[in-house]
Amino acid sequence: MPKHVIIAGAGIVGVSTGIWLRRFSDAKVTIIDRLPPGEGTSHGNAGVLAACSMVPVTAPGLVRKAPKMLMNPDFPLFMRWGYFPKLLPWLMKYLSNANDSDTRRTATGLTTIVGDCVDQHKSLVADTDAAHWVSESDYSFAYANRAAFEADSYTWGLRRDAGFEPVIREGADVRAYEPQLSPSVGLLATMTDHGFIRDPGGYVKALAAVFEAVGGTIVQAEIKDFEMADGKVAAVLTTEGRQPCDQAILATGVWSKPLMQKLGLSIPIESERGYHIIFEEAEGGPSHPIMVASGKFVATPMAAGLRCAGVVEFGGLEAGPSEAALNLLRKQAKAAFPNLSCKGEIEWLGHRPAPSDSLPLIGEVRDTGVFTAFGHHHIGLTGGPKTGRIVAGLVADQPMNTDIGAFDPMRFA
């Protein structure tokens, strides 16, 4: 009788895992989530298949720079100060990684997950109705001038070490390549062989349909606990009742923390709150995804309009959206693209799962039959298909020839 595998989480990681697991095995696979597919964190992001986004935020110098960033109303870092005492233990661990050796170690690990992301997404959607959501494109980083670009030389050095070499354009060449950019942008560093998703939420819904078409089942419920027997998972307990299983996969982002506690593990992970605004039916925006370095946001042309996504805010899972964060994002978008016009705006706030060491948790928890696939902070959409492929291989006893030691879920035990 085929084994039953339950996947907690119907975002990009969970759905990708489900598709690969059905392709690799005859297992019965059920995805359970409190929301329909693609309506959580996977819905709201910049949509970029950012292969070169393997350098963590915690680069050397962050500890010195962070207070100035927080005090600068024009810098996209926000703190809900009432949440600060609860955040502090995680923050101390997070900042302890802001050094050269840890940054390089993390960058090496993340390259494993995102470095071949375009190929991984194309492989996931090959010969399916989800394929049309994936667009291959350049991905540019916009700077005021060469001095601003060289101020990021540490990050670009790590990217070059990983094989990512940008094409540099300056002056008139910038506007010849991307006419809608503001004259204040004097340099573009462009990565070729990248891509973007034209509607991340629609993409994950399309992948969910692919999953069902290959024999998977989706249940809308909230998982509350695991039922264990002789140290092995025997069932998950949900708001819709008990669901027996032989193995389980946790792909619920930052909401995985309380479920890991049920297994006796305290994971230092926080919500890194992120925002986007969709400028509906926009005109005057870019033709391909652009990271505007001065505002730390990405502008991506999507099916519904121009999506501008960015901002880092620490404030937990309960607080509502910050108008200041949205207003800053709106202001920065108009500054970068002065001819931008639209029919309307859609605002969104979501919760990026940020482990203190910026590395996702991928692997089995002891010998419990519970596998982890969460903690991708900024790179969830980019790295979801590769993570899903790795975890599906582990569960199906067909492991990929990939070193995943850096992602060991037991490293915080």
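Everything below is about the structure shown above.
Residues numbered from 1 in each chain as written. Predicted model: local features only at pLDDT ≥ 70, side-chain atom pairs only at ≥ 80, totals over all residues. Heavy atoms only, no water.

**Q** How would you sum up the nonpolar core? Please name residues and give values.
**A** Nonpolar side chains tend to gather and get buried jointly when the protein is soluble and globular. In this structure, Leu-21, Tyr-139, Phe-141, Tyr-203, Leu-207 and Ile-249 are the most contacted members of the largest nonpolar core, which totals 67 residues. Of all hydrophobic cores here, the second largest spans 25 residues; its members include Val-174, Leu-326, Leu-328 and Ala-333. (Core = buried A, V, L, I, M, F, W, Y, C linked by side-chain atoms within 4.5 Å. Buried < 20%, exposed > 50% of the residue type's maximum accessible area, 1.4 Å probe, protein only.)

**Q** Tell me about a positive patch on the surface, and please be specific about residues and values.
**A** Taken together, Arg-64, Lys-65, Lys-68 and Lys-296 make up a surface patch of like positive charges. Residue position: Lys-296 is located in the loop between strand 14 (290–292) and strand 15 (297–302). Note on Lys-296: relative accessible area 39%, which makes it partly exposed. (Patch = residues over 30% accessible without salt bridge, like charges linked within 9 Å, V, L, I, M, F, W, Y side chains within 5 Å. Areas by Shrake-Rupley, 256 points an atom, 1.4 Å probe, with all protein chains shown as cover. Salt bridge = Lys/Arg side-chain N within 4 Å of Asp/Glu carboxyl O. Lys, Arg positive; Asp, Glu negative; His and termini not counted. Charge placed at Lys NZ, Arg CZ, Asp CG, Glu CD. Helix = DSSP H or I, 4+ residues; strand = E, 2+ residues; numbered from the N terminus.)

**Q** Hey, could you go over the pairing of strand 5 (residues 134–143) for me, with residue numbers and the actual values?
**A** Counting buried residues in strand 5 gives eight out of 10 residues, a clear majority hidden from the surface. Looking at chain direction, strand 5 and strand 14 are connected through three bridges and run parallel. In the sheet register, Phe-141 faces strand 14, and the bridge partner there is Met-291. (Pairing = 2+ DSSP bridges.)

**Q** Any chance you could break down the sheet that holds strand 11 (residues 241–244) for me, citing the residues and the numbers?
**A** With antiparallel pairing, the three strands of this open sheet are ordered in space as 9-10-11. Strand pairing shows two members of the sheet lacking a second neighbour, strand 9 (223–229) and strand 11, which therefore form its edges. Strand after strand, the sheet turns through a mean of 30° between neighbouring axes, direction not considered. Both strand 10 (residues 232–238) and strand 11 contribute to a ladder of four bridges, which runs antiparallel. Residue pairing across strands places Ala-235 opposite Pro-244, the latter belonging to strand 11. (Axes fitted to C-alpha atoms, helices over the stretch in contact; angles between N-to-C directions.)

**Q** Lay out empty space enclosed by the protein with the relevant residues and their values.
**A** Throughout the structure, instances matching the rule amount to two cavities of 30 Å³ or more. Considered as a void within the structure, the largest cavity measures approximately 40 Å³ in volume. Lining of the largest cavity is provided by Pro-56, Val-57, Tyr-94, Glu-272, Ala-354, Pro-355, Ser-358, His-377 and His-378. Of the residues belonging to the lining of the largest cavity, the class tally is five nonpolar, three polar and one charged. Computed from the structure, the second largest cavity encloses a volume of approximately 30 Å³. Forming the walls of the second largest cavity are Ile-6, Ala-8, Ile-223, Phe-226, Val-236, Ala-248, Ile-249, Leu-250 and Leu-259. (1 Å grid on protein atoms, 1.4 Å probe; cavity = no way out; pocket = protein on both sides within 12 Å on 5 of 7 lines; lining within 4 Å. Points joined across faces, edges and corners; volume = space filled by probe spheres on them. Nonpolar A, V, L, I, M, F, W, Y, C, P; charged D, E, K, R; others polar.)

**Q** Quick one: what's the story with helix 9 (residues 200–213), residue by residue and with numbers?
**A** Between its first and last C-alpha atoms helix 9 spans 20 Å; for 14 residues at 1.5 Å apiece the expected length is 20 Å, and the two agree. Across the 14 residues that make up helix 9, a large majority, 10, are buried. When we look at burial in helix 9, the residues that qualify are Pro-200, Gly-201, Gly-202, Tyr-203, Val-204, Ala-206, Leu-207, Ala-208, Val-210 and Phe-211. Between the side-chain oxygen of the N-cap and the backbone nitrogen of Gly-201 there are 3.2 Å, and the N-cap of helix 9 in question is Asp-199. One or two residues past the end of helix 9 sits Gly-215, with phi positive at roughly 105°. (Expected span 1.5 Å × (residues − 1). Polar contact = N/O pair within 3.5 Å; in protein donor to acceptor, adjacent residues only side chain to side chain.)

**Q** An account of the packing of helix 4 (residues 100–114) against helix 12 (residues 380–395) is needed here, citing residue identities and associated values.
**A** Two elements in contact, helix 4 and helix 12, have axes whose closest approach is 7 Å; the angle formed by their N-to-C orientations is 85°. Looking at the two axes, helix 4 sits roughly perpendicular to helix 12. Residue-level inspection shows Thr-112, Ile-113 and Val-114 of helix 4 in contact with helix 12, the latter providing Thr-382, Gly-383, Lys-386, Thr-387 and Ile-390. Broken down by class, the residue content of the contact of helix 4 with helix 12 amounts to three nonpolar, four polar and one charged. (Parallel < 35°, antiparallel > 145°, perpendicular 65-115°, else oblique. Contact = heavy atoms within 4.5 Å.)

**Q** Could you give an account of the environment of Ile-6, with specific residues and numbers?
**A** By the element assignment, Ile-6 lies in strand 1 (residues 4–8). Along the primary structure Ile-6 and Gly-195 are separated by 189 residues, whereas in three dimensions their C-alpha atoms are 31 Å apart. Setting aside its immediate chain neighbours within four residues, Ile-6 contacts Thr-30, Ile-32, Ile-223, Val-236, Gln-243, Pro-244, Cys-245, Gln-247, Ala-248 and Ile-249.

**Q** I'd love a proper account of helix 12, names of residues and values included.
**A** The principal kink in helix 12, of about 30°, is found at Lys-386. Most of helix 12 is tucked away, with 14 of its 16 residues classed as buried. Where helix 12 ends, the next residue or the one after it, Asp-397, has phi of about 60°, a positive value. (Bend = angle between axes of the 7 residues up to and from the residue.)

**Q** Give me the lowdown on the pattern of salt bridges, citing residues and values where you can.
**A** If you walk through the whole model with that rule in mind, you get 19 salt bridges. Between Glu-313 and Arg-273 there is a salt bridge whose closest N-O contact spans 2.7 Å. Remark: Arg-273 occurs in strand 13 (residues 269–280) and Glu-313 occurs in strand 16 (residues 305–314); sequence separation between them is 40 residues. Assessed through its relative accessible area of 1%, Glu-313 is described here as buried. For Arg-273, a relative accessible area of 0% gives the class buried. Linking Arg-330 and Glu-345 is a salt bridge whose minimum nitrogen-to-oxygen distance equals 2.9 Å. One end of the pair, Arg-330, is in helix 11 (residues 323–336); the other, Glu-345, is in strand 17 (residues 344–355), with 15 residues separating them in the sequence. On the basis of relative accessible area, Glu-345 is assigned to the partly exposed category, the value being 34%. By sharing partners, the salt bridges in this structure join Arg-80, Arg-273 and Glu-313 into a single network.

**Q** Go over the sheet that holds strand 2 (residues 28–33) with me, naming the residues and quoting the values.
**A** Strand order across the open sheet formed by six strands is 8-2-1-12-19-18, with mixed pairing between neighbours. Lying at the two open borders of the sheet, with one neighbouring strand each, are strand 8 (217–220) and strand 18 (361–364). Across the sheet, the axes of successive neighbouring strands diverge by a mean angle of 20°, strand direction being ignored. Summarising the sheet, strand 18 and strand 19 (residues 370–374) pair through four bridges and their orientation is antiparallel. Each bridged residue has a counterpart across the sheet, and for Gly-363 the counterpart in strand 19 is Thr-372. The strands that helix 9 touches are strand 2 and strand 8; relative to strand 8, the one it contacts most, it runs at about 125°. Here helix 12 sits on the sheet and contacts strand 1, strand 12 (247–250), strand 18 and strand 19; the angle it forms with strand 19, its principal contact strand, is near 175°.

Function cannot be inferred from these measures alone, as they are strictly geometric.
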